[in-house]
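Structural description and commentary
Listed here are the chains, written in short residue letters.
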Amino acid sequence: MRQLMTNHRDHLDPALLRPGRMDLHIHMSYCSFGGFKTLASNYLGTQDHPLFEEVEELPKVVQATPAEIAGKLMKTKVSGFHTSRSNQVSPLQERRNSIGHAQL
């Protein structure tokens, strides 16, 4: 059994894409708000948080993978997600701030 992964299917040699070469194609999308809530529940054990209202619209403008969000949530858990709200920035807000408002 062999696995092949790529972020750029269009750059692959067409011979690799012929029937029988790659039997299963899985599209991995960016994180949605529902996905963010599931990750927050899994990594932080929280079903609801005041930041969720602010975070809800961010997946529509910020392209972040579930793996990126999970990595940030793991760091957040260590630093204390349940501390005061003024000290918190969600992983999606952090990503939006890092790419700048010009791209939004």
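First things first, this report covers the structure right here in the doc. Everything numeric in this text was worked out from a predicted model, so none of it was measured. (Residues numbered from 1 in each chain as written. Predicted model: local features only at pLDDT ≥ 70, side-chain atom pairs only at ≥ 80, totals over all residues. Heavy atoms only, no water.)

1. Quick notes on helix 1 (residues 33–44)
- With 12 residues, helix 1 should cover 16 Å at 1.5 Å per step; its first-to-last C-alpha distance of 15 Å lies within 8% of that length.
- Regarding helix 1, the residues found buried are Phe33, Phe36, Leu39, Ala40 and Leu44. All buried residues of helix 1 project into a common sector of 115° when viewed along the axis, lining one side.
- Looking one or two residues beyond helix 1, the residue adopting positive phi is Gly45, at roughly 70°. (Helix = DSSP H or I, 4+ residues; strand = E, 2+ residues; numbered from the N terminus. Expected span 1.5 Å × (residues − 1). Buried < 20%, exposed > 50% of the residue type's maximum accessible area, 1.4 Å probe, protein only. Arc of directions from axis to C-beta.)

2. Digging into a nonpolar patch on the surface
- A contiguous nonpolar patch, built from Leu24, Ile26 and Met28 and spanning about 400 Å² of accessible area, is present on the exposed surface.
- Within the fold, Met28 resides in the segment before helix 1.
- Taking relative accessible area as the criterion, Met28 reaches 67% and is therefore assigned exposed. (Patch = residues over 30% accessible without salt bridge, like charges linked within 9 Å, V, L, I, M, F, W, Y side chains within 5 Å. Areas by Shrake-Rupley, 256 points an atom, 1.4 Å probe, with all protein chains shown as cover. Salt bridge = Lys/Arg side-chain N within 4 Å of Asp/Glu carboxyl O.)

3. Describing the nonpolar core
- Residues Phe36, Leu39, Ile69 and Leu73 are the most contacted members of the largest nonpolar core, which totals 15 residues.
- Of all the secondary-structure elements, those providing two or more residues to this core are helix 1, helix 2 (51–55) and helix 3 (66–79).
- The contacts of Leu39, once residues within four sequence positions are left out, are Cys31, Leu44, Pro66, Ile69, Ala70 and Leu73. (Core = buried A, V, L, I, M, F, W, Y, C linked by side-chain atoms within 4.5 Å. Contact = heavy atoms within 4.5 Å.)

4. Structural notes on the packing of aromatic side chains
- Under the counting rule described, the total for this entry stands at two aromatic pairs.
- Judged by centre distance (6.2 Å) and plane angle (90°), the rings of Phe33 and Phe52 are edge-to-face. Taken together, the positions of Phe33 in helix 1 and Phe52 in helix 2 put the pair 19 residues apart, joining distant regions of the chain.
- Judged by its relative accessible area of 16%, Phe33 falls in the buried class.
- Under the relative-accessibility criterion, Phe52 is labelled buried at 5%.
- Centroid distance Phe36 to Phe52: 6.0 Å. Interplanar angle 80°. Geometry classified as edge-to-face. A residue pair is termed long-range when its members are at least 10 positions apart, and Phe36 in helix 1 and Phe52 in helix 2 qualify at 16 residues. (Phe/Tyr/Trp six-rings, centres within 6.5 Å; stacked < 30°, edge-to-face > 60°.)

5. Quick look at the side chain of Thr46
- Mapped onto the elements, Thr46 comes out in the loop between helix 1 and helix 2.
- There is a polar contact of 2.8 Å between the side chain of Thr46 and the backbone oxygen of Asp48. (Polar contact = N/O pair within 3.5 Å; in protein donor to acceptor, adjacent residues only side chain to side chain.)

6. Observations concerning the environment of Tyr30
- Tracing the sequence through the fold places Tyr30 in the segment before helix 1.
- With relative accessibility at 44%, the residue Tyr30 sits in the partly exposed group.
- Residues Tyr30 and Glu68 lie 38 residues apart in sequence; the distance between their C-alpha atoms is 9.6 Å.
- Contacts of Tyr30, omitting those with residues within four sequence positions, involve Gln63, Ala64, Thr65 and Pro66.

7. Considerations on the pattern of salt bridges
- In the structure shown here, the tally under the stated rule is one salt bridge.
- Glu57 serves as the salt-bridge partner of Lys60, at 3.2 Å between the closest nitrogen and oxygen.

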